[in-house]
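Summary of the model geometry
Chain residues, written in single-letter form:
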Amino acid sequence: MAASTSHLARTISTDHARQKFASEVAATPSTPPVAWPKAHIEPGSEFWRKVPKWMDVSSDDFSSWNWSVKKVIETKERLFELLYAVLPDTVPRAKALGGLQSREEFITDVSSGIRRCSMSVRVMPYMLSLINWSDPANDPIFRQFIPLRSIMMDDHPVLDLDSLNEQGDTPVRGIVHRYPDKALFLPTHICPTNCIFCTRSYGVGASTELVTKKPLTLSPAEIDEAMKYIESQEGLHDIVISGGDSFYLQARFLEHIGDRLIGMKNVERFRVATKGLAVAPFRFLDDKDQWAETLIRVADKARMAGKHMALHTHFNHPNEISWITEQASLKLLQSGVTVRNQTVLLRGVNDSAETMVTLIKKLAKMSIQPYYVYQCDMVPAIEHFRTPLQTILDIEAQIQGEVAGFYLPKFVVDLPGGGGKRPAYLYESYDRESGVSTFTQPALKGKGRDGRVYKYYDPIKT
């Protein structure tokens, strides 16, 4: 019997192929080459030249991280030298006070503010160059970094230096482990610029007349211990590298920490927290400095490993954004680095819907995701910055529809006593007369937190 051939293996005759349509026989058009446009931000004005100390500083020097570190203002002597050079004979007082004051009166006010402040003064030349020196007391940048005693208020009677009880959630030095699946890693206590309202004023920056601090900076051995702790916690999936500011981690330590986290089976994502993009954006463009390239390399390695790294930064007012910020942000965008922003609501700085919308739109234009707007924490010597809870509720309501929904930040209260972040509108009660709002935090269990009620207090004099 002759062997049969499977129908799947038979050769199909083409002697009588079907007639082809015209569209099938027409010449296939060639695909034109695609020219991918690449955005570029042109340099703008050399705004730092309006400061007498830096009027002859070249663009190359001003954009150098090494130059800026050497010129940072962090002593009274340097600050007062700058103030005498840059201030006019008279300047307006803060709007709440009204009137004018002499240069000498203003500098005396600053000196008194420094003695009353929980944070030491430390400001990068870049930020100082953006201040309106004809009206510094009402300038939204000046108010964040240089204290004035005349606008300070008495502390609220229930505030605490470690308002969020971070030290109570520290299993090993340098780790704050509060939430089940995420932790805060604090390897350094240094920032490029110190915020007066810092929630970590118990350990960040130099000691002041008000606060004697135990620096948070870790030794290499302590960094290793912290890494071992993270790896030992199977339920820990999300790490925030902060401080201080991760900008002050040497590039090799940044990469070492990134590599360690990428290599851990339990860690799925991590965030590098730095105010650097706001207060020293030129560093991201400095070819002689390796920090930005290291950050981009770590992000690439995380992506290849199927994990996610993001940069979290901190802009509070649209005046902080310059053409240098735009160049730096564009570089991060083109390098594939996710950038998110966290803002603190501050009275006299950004406590209006108009200012907040402008900031959000400027961030969105740079592809920076507005992530959180925080109610100002209850820490010493910043009562003049705090707003009633009603302010954050009103701003959140007013900006709805002003920007695309995916660019709306979450408006949150970091609950005093270690309750973690909670959307401001999820209060359990809010007595506008007493200024006391209450919150619960279902996500936190154990350590007496089950069902615990946390309280936030409006500033008394509002």
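For the structure itself, look to the data block above.
Summary of the structure given here. (Residues numbered from 1 in each chain as written. Predicted model: local features only at pLDDT ≥ 70, side-chain atom pairs only at ≥ 80, totals over all residues. Heavy atoms only, no water.)

Moving on, we come to the sheet that holds strand β14 (residues 454-457). On the basis of which strands lie adjacent, the open sheet formed by 3 strands has the order β12-β13-β14 and antiparallel pairing. Edge positions in the open sheet fall to β12 (429-431) and β14, since each of these has one partner strand only. Between one strand and the next, the sheet's axes are offset by a mean angle of 15°, whatever the strand orientation. Across 3 bridges, β12 lies against strand β13 (residues 436-439) in antiparallel orientation. From the neighbouring strand, Y430 faces β13, where its bridge partner is S437. (Pairing = 2+ DSSP bridges. Helix = DSSP H or I, 4+ residues; strand = E, 2+ residues; numbered from the N terminus. Axes fitted to C-alpha atoms, helices over the stretch in contact; angles between N-to-C directions.)

This part takes up the sheet that holds strand β7 (residues 308-313). The strand order across the open sheet formed by 9 strands is β3-β4-β5-β6-β7-β8-β9-β10-β11, and the pairing between neighbours is mixed. The open sheet has two edge strands, β3 (175-176) and β11 (420-423), and neither has a second partner. Where strand β5 (residues 238-241) lies against strand β6 (residues 269-273), 4 bridges are found, and the strand directions are parallel. Counted as the bridge partner of I241 is V272 from β6.

If charged atoms from side chains of opposite charge come close, those side chains can pair. Taken as a whole and judged by the stated rule, the model has 26 salt bridges. Residue D181 pairs with K182 through a salt bridge whose shortest N-O separation is 3.4 Å. Its relative accessible area of 25% is what places D181 among the partly exposed residues. With a relative accessible area of 25%, K182 lands in the partly exposed category. (Salt bridge = Lys/Arg side-chain N within 4 Å of Asp/Glu carboxyl O. Buried < 20%, exposed > 50% of the residue type's maximum accessible area, 1.4 Å probe, protein only.)

This paragraph deals with the pairing of β5. On β5, burial covers both faces: D238 and V240 on one face and I239 and I241 on the other are all buried. Across 4 bridges, the pairing between strand β4 (residues 182-185) and β5 is parallel. Bridged to F185 within β5 is I241. For the crossover that starts at β4, traverses helix α8 (residues 220-232) and ends in the parallel β5, the hand is right-handed. Crossover handedness for the path β5 to helix α9 (residues 251-262) to β6: right-handed. (Right-handed = clockwise from strand over helix to strand, strands pointing away.)

What follows deals with the state of the cysteines. In total, this model carries 0 disulfides according to the counting rule given. For C117, which is in no disulfide, the shortest distance to another cysteine sulfur is to C198 and amounts to 10 Å. In this structure C376 is not part of a disulfide, and its nearest cysteine sulfur, from C195, lies 10 Å away. For C376, a relative accessible area of 1% translates into the label buried. (Disulfide = S-S within 2.5 Å.)

Glancing now at the packing of α8 against α9. Two elements in contact, α8 and α9, have axes separated by 11 Å at closest approach and are oriented at 20°. Taken together, α8 and α9 sit at an angle that is classed as roughly parallel. Note on packing geometry: the crossing formed by α8 with α9 is right-handed. Mapping the contact onto sequence places P220, I223, D224, M227, K228 and I230 in α8 and F253, I257, R260 and L261 in α9. Residues that form the contact of α8 with α9 fall into these classes: 7 nonpolar, no polar and 3 charged. (Parallel < 35°, antiparallel > 145°, perpendicular 65-115°, else oblique. Left-handed = near helix turned anticlockwise from the far one by under 90°. Contact = heavy atoms within 4.5 Å. Nonpolar A, V, L, I, M, F, W, Y, C, P; charged D, E, K, R; others polar.)

Within this structure, the stated rule accounts for 20 aromatic pairs. An angle of 85° between the planes, with centres 5.9 Å apart, marks the rings of W133 and F142 as edge-to-face. By way of ring pairs, the aromatic residues F47, W48, W54, F62, W67, Y126 and F282 are connected into one cluster. A cation over a ring is seen here: R283 above F247, with NZ or CZ 4.7 Å from the ring centre. Directly above the aromatic system of Y371 lies the positively charged group of R340, at a separation of 5.9 Å from the ring centroid. (Phe/Tyr/Trp six-rings, centres within 6.5 Å; stacked < 30°, edge-to-face > 60°. Lys NZ or Arg CZ within 6 Å of the ring centre and 35° of its normal.)

Bringing the nonpolar core into the picture now. In terms of nonpolar packing, the biggest core is built from 135 residues, with V110, W133, F185, L261 and F284 touching the most fellow members. The greatest single-element share of this core, amounting to 7 residues, is contributed by helix α11 (residues 291-304). Other than its neighbours up to four places away in sequence, L261 contacts M227, I230, I239, I241, V267, F270 and K307. (Core = buried A, V, L, I, M, F, W, Y, C linked by side-chain atoms within 4.5 Å.)

As paired strands, β3 and β4 are joined by 2 bridges and run antiparallel to one another. Paired with V176 across the bridge in β4 is L184. The hairpin formed by β3 and β4 contains 5 residues between the paired strands.

By themselves, these figures tell us nothing about what the structure is for.
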